[in-house]
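Observations on the three-dimensional arrangement
Here's the letter readout for the chains.
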Amino acid sequence: MITITNLNKSYKKNHVLRDINLELPQSGIVALLGPNGSGKTTLLKCFLGMVLADSGDLVFDGRSVLGQYEYRAKVSYLSQIARFPENLTARELISLMKEIKPGETREANFIKVFNLEKELDKKMGSLSGGTRQKVNITLALMHDDPLIILDEPSTGLDPLSLQELKKFILKERERGKLILITTHILSLAEDLADDILFLLEGDIYFNGSLKDLLNDQGENNLENAIAHILRSTKEYSHA
Ligand code: ADP
């Protein structure tokens, strides 16, 4: 579904993405992992056209989309930091979203599983952090798009809501979607991901199955495997 070739992005002298070559499958769950500053958000933003790469190409569904925007209508994106108009209610935001992007929507499902009904008519500014995240998820995922990008989706969620989100993600995979997740919660990646994409200083250090990553590193869980990579690459530097 997505092919990236020779993608480069620098911010002044900071070469953030270094000649990234990558092919993502049509469906499945891919966890994008890596230390802070390794380029995960920049890569996601390149997918979304929110950051323009300096060079390279990005092909989505067989078409080069670098610098284009129409394809974004097929992408559901949950951003890490969501800013809402504080004086609108969740119900008003959901209606607004439906007007902006027509098509079938599934907000009723999220309202039910996140127990949001009684929060819908309160102003966004008065909601707790966890409730705001539930509204953020509802707004981001209510459309039925083939590609779902989730930047730190578990932030602020209580365990029951996190379970509901996981169920939703797994169901979407069964329906043939491609889901791309960044998370610091390695157990979430371990529970969900078919493939792990590990970025280190703007390079793809590993791209493959969780099983292969554990085998490569001689470890029995993701946390240990990543600690192993980071220890062995302490000297790893482009400086
Ligand atoms: P990650 O998501 O893996 O933590 P980012 O993609 O956010 O990494 O950042 C990668 C590098 O790019 C960091 O060194 C960061 O400071 C830099 N960077 C990100 N966005 C900008 C920006 N808008 N302007 C300048 N530097 C940026």
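Treat the numbers as computed from the prediction; the structure is a model and nothing was measured.

This paragraph deals with helix α4 (residues 129-141). Residues that lie three or four places apart on an α-helix share one face, since the helix turns once every 3.6 residues. In a regular helix each residue adds 1.5 Å, so 13 residues correspond to 18 Å; α4 covers 18 Å between its end C-alpha atoms and thus fits that length. With 11 of its 13 residues buried, α4 lies for the most part within the structure. Along α4, the residues that are buried comprise Thr131, Arg132, Gln133, Lys134, Val135, Asn136, Ile137, Thr138, Leu139, Ala140 and Leu141. Elements that come into contact with the buried residues of α4 comprise β6 (75-78), α2 (90-100), α3 (107-113), β7 (147-151) and α5 (159-174).

With that settled, the discussion passes to the site of the ligand. Inspection of the region around the ligand gives Tyr11, Asn14, Val16, Pro35, Asn36, Gly37, Ser38, Gly39, Lys40, Thr41 and Thr42 as its neighbouring residues. The backbone of Gly39 places a nitrogen or oxygen atom 3.0 Å from an oxygen atom of the ligand. Side-chain polar atom of Thr41 to an oxygen atom of the ligand: 2.8 Å apart, as the coordinates give it. Relative to its unbound accessible area of 560 Å², the ligand is 57% covered by the protein chains. Put simply, the parts of the chain that give the shell around the ligand at least two residues each are β2 (14-24) and α1 (40-47). Sort the elements by how many residues they give to the shell around the ligand and α1 lands first, with three residues. Classifying every residue of the shell around the ligand by side-chain character gives three nonpolar, seven polar and one charged.

Cut-offs applied
Residues numbered from 1 in each chain as written. Predicted model: local features only at pLDDT ≥ 70, side-chain atom pairs only at ≥ 80, totals over all residues. Heavy atoms only, no water. Helix = DSSP H or I, 4+ residues; strand = E, 2+ residues; numbered from the N terminus. Expected span 1.5 Å × (residues − 1). Buried < 20%, exposed > 50% of the residue type's maximum accessible area, 1.4 Å probe, protein only. Contact = heavy atoms within 4.5 Å. Near = heavy atom within 4 Å. Polar contact = N/O pair within 3.5 Å; in protein donor to acceptor, adjacent residues only side chain to side chain. Areas by Shrake-Rupley, 256 points an atom, 1.4 Å probe, with all protein chains shown as cover. Nonpolar A, V, L, I, M, F, W, Y, C, P; charged D, E, K, R; others polar.

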